[in-house]
Amino acid sequence: MQISHLGIHESVEAVFPPEQLREELSALDPTVAVVGDGDRDALADCDALVTFAYRESFLDADLEWIHSIQAGYDRFPLSELEEAGIILTNSTGIHGTSVGETVLGTMLEIARRLHRFSRQQVAHEWTRPDWDEPFTLQHEPICVVGLGTLGQGIAKRADAIGMHVTGVRRSAESVPHVRTVYANDDLHEAISDARFVALATPLTDETEGLMGEAEFDAMRDDAYFVNVARGDCADQDALVAALQGGDIAGAALDVFEEEPLPEDSPLWDMDDVIVTPHAAAAEVDYYRHIAELVRENAQHIDADEELTNRVV
Ligand code: NAD
């Protein structure tokens, strides 16, 4: 494979300015240009494309390689890409710190009631919490479901603050910072003791609706559900019912079945639900991490080596 023209699809704008990545990659051998949806000729010139969104027009272009700036690739049609002979790589591996810090932050907000105080401040309201409301994260059990980049990023930070970390993965092999690893057949046992259940799996046929009525039932009624995976990994109606029925105490949600979260969703107004706009991984250096992955794979292509993070 030879890459002479690398395009940066304008959809990366959802995460960082495309020009920022173009400048960062300007020393690469291939020419690097920002490509818009309206510019079919520019897309036709590209043999590789860095993108956030997927477009059907990518299949008809002469692309050899698409790099997704996200870790999740559930929006890409894998078999069609394979048929078209287009390689797909993703950006797993770069979100452990950002998402790990976001999850730690939302857990601290909940435990120390900071989310309530932020809301009160907007209303100029001075109300101390009930004496038995605030708690500390130290010694609290957290179960991290999915122990890849995100899961390990969460586990490391939860361990650092003194939480009791357990986790669930497809095989029960040990993972740093995780005291007990359960195989995913034992999901209910794993989540039943946890004060926080953090979901960090990819969205696949197997994980769609992984957290549903039975799982929220299995959780403690003073437990909090944290979702940084994909909205469809949890059954959102079952989650709302569990929150309304007091089966769980609250949630910190970065991802939803429909994004943006519709204005009339009851999740917006629940006292112990924190809603974030699919921004758990956002950070000013995001484009630099993407540039590193793209540079690394450009070198692999030159050396005729296997690509890093290859999906198709
Ligand atoms: P990763 O590939 O490094 O890790 C995923 C892990 O989940 C793997 O260890 C895999 O074995 C495990 N897994 C898969 N199916 C499982 C199951 N049924 N039960 C238990 N474990 C299972 O990916 P990652 O970088 O950690 O990202 C994970 C997902 O998180 C992505 O696919 C994406 O959808 C989502 N994500 C969200 C954000 C955000 O901004 N909220 C950012 C990055 C990634």
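Residues numbered from 1 in each chain as written. Predicted model: local features only at pLDDT ≥ 70, side-chain atom pairs only at ≥ 80, totals over all residues. Heavy atoms only, no water.

By the naming in an unreviewed UniProt entry, the protein is 2-D-hydroxyacid dehydrogenase, taken from Haladaptatus paucihalophilus DX253.

Caption draft 1: Broad picture of the pattern of salt bridges. Scanning the entire structure with this criterion turns up twelve salt bridges. A salt bridge links Arg295 to Glu24, with the shortest nitrogen-to-oxygen separation between them at 3.5 Å. Of the two residues, Arg295 is situated in helix H11 (residues 286–302) and Glu24 in helix H1 (residues 18–24); the sequence distance between them amounts to 271 residues. When the shortest N-O distance is used, the salt bridge between Glu140 and Arg195 registers 3.3 Å. In this pair, Glu140 is assigned in the loop between helix H6 (114–122) and strand S6 (141–145) and Arg195 in the loop between helix H8 (187–191) and strand S9 (196–199), connecting sequence segments 55 residues apart. Arg195 carries the same exposure label as Glu140, and that label is buried. Through salt bridges with shared partners, a single ionic network connects Arg113, Arg116, Glu133 and Asp272. (Salt bridge = Lys/Arg side-chain N within 4 Å of Asp/Glu carboxyl O. Helix = DSSP H or I, 4+ residues; strand = E, 2+ residues; numbered from the N terminus. Buried < 20%, exposed > 50% of the residue type's maximum accessible area, 1.4 Å probe, protein only.)

Caption draft 2: Broad picture of the packing of aromatic side chains. According to the stated counting rule, one finds eight aromatic pairs in the structure shown. Sitting over the face of the ring of Phe52, Arg75 holds its NZ or CZ atom 4.9 Å from the ring centroid. One cation-aromatic arrangement involves Arg195 over Phe135; the distance from NZ or CZ to the ring centre is 3.9 Å. (Phe/Tyr/Trp six-rings, centres within 6.5 Å; stacked < 30°, edge-to-face > 60°. Lys NZ or Arg CZ within 6 Å of the ring centre and 35° of its normal.)

Caption draft 3: Quick look at a negative patch on the surface. The grouping of Asp205, Glu206, Glu208, Glu213, Asp217, Asp221, Asp232, Asp235, Asp237, Asp247 and Glu257 at the surface amounts to a negative patch. Tracing the backbone through its elements, the reader meets Asp237 in helix H10 (residues 236–244). (Patch = residues over 30% accessible without salt bridge, like charges linked within 9 Å, V, L, I, M, F, W, Y side chains within 5 Å. Areas by Shrake-Rupley, 256 points an atom, 1.4 Å probe, with all protein chains shown as cover. Lys, Arg positive; Asp, Glu negative; His and termini not counted. Charge placed at Lys NZ, Arg CZ, Asp CG, Glu CD.)

Caption draft 4: Highlighting the UniProt feature "domain: D-isomer specific 2-hydroxyacid dehydrogenase NAD-binding" (unreviewed entry) in the protein. UniProt tags residues 105–280 as "domain: D-isomer specific 2-hydroxyacid dehydrogenase NAD-binding" (unreviewed entry). Across residues 105–280 one finds 27% helix and 17% strand; the C-alpha atoms that close the span lie 10 Å apart. (UniProt positions renumbered as here; feature names shortened; annotations may be inferred.)

Caption draft 5: Quick look at the sheet that holds strand S5 (residues 87–89). Strand order in the open sheet formed by five strands is S2-S1-S3-S4-S5, with parallel pairing between adjacent strands. Whereas interior strands pair on both sides, the edge strands pair on one side only; in this sheet they are strand S2 (31–35) and S5. Put simply, the sheet's adjacent strands are angled 20° from each other on average, direction ignored. Two strands pair when backbone bridges link them, and strand S1 (residues 5–9) and S2 are joined in this way by five bridges, in the parallel orientation. Note on S2: the bridge partner recorded for Gly7 is Ala33. Contacts from H11 reach S1, strand S3 (48–51), strand S4 (65–68) and S5 within the one sheet, and its direction differs from that of S4 by about 155°. (Pairing = 2+ DSSP bridges. Axes fitted to C-alpha atoms, helices over the stretch in contact; angles between N-to-C directions. Contact = heavy atoms within 4.5 Å.)

Caption draft 6: Main features of the UniProt feature "domain: D-isomer specific 2-hydroxyacid dehydrogenase catalytic" (unreviewed entry) in the protein. Per the UniProt annotation, the sites labelled "domain: D-isomer specific 2-hydroxyacid dehydrogenase catalytic" (unreviewed entry) are residues 41–311. Across residues 41–311, helical content stands at 33% and strand content at 15%; the span's end C-alpha atoms are separated by 27 Å.

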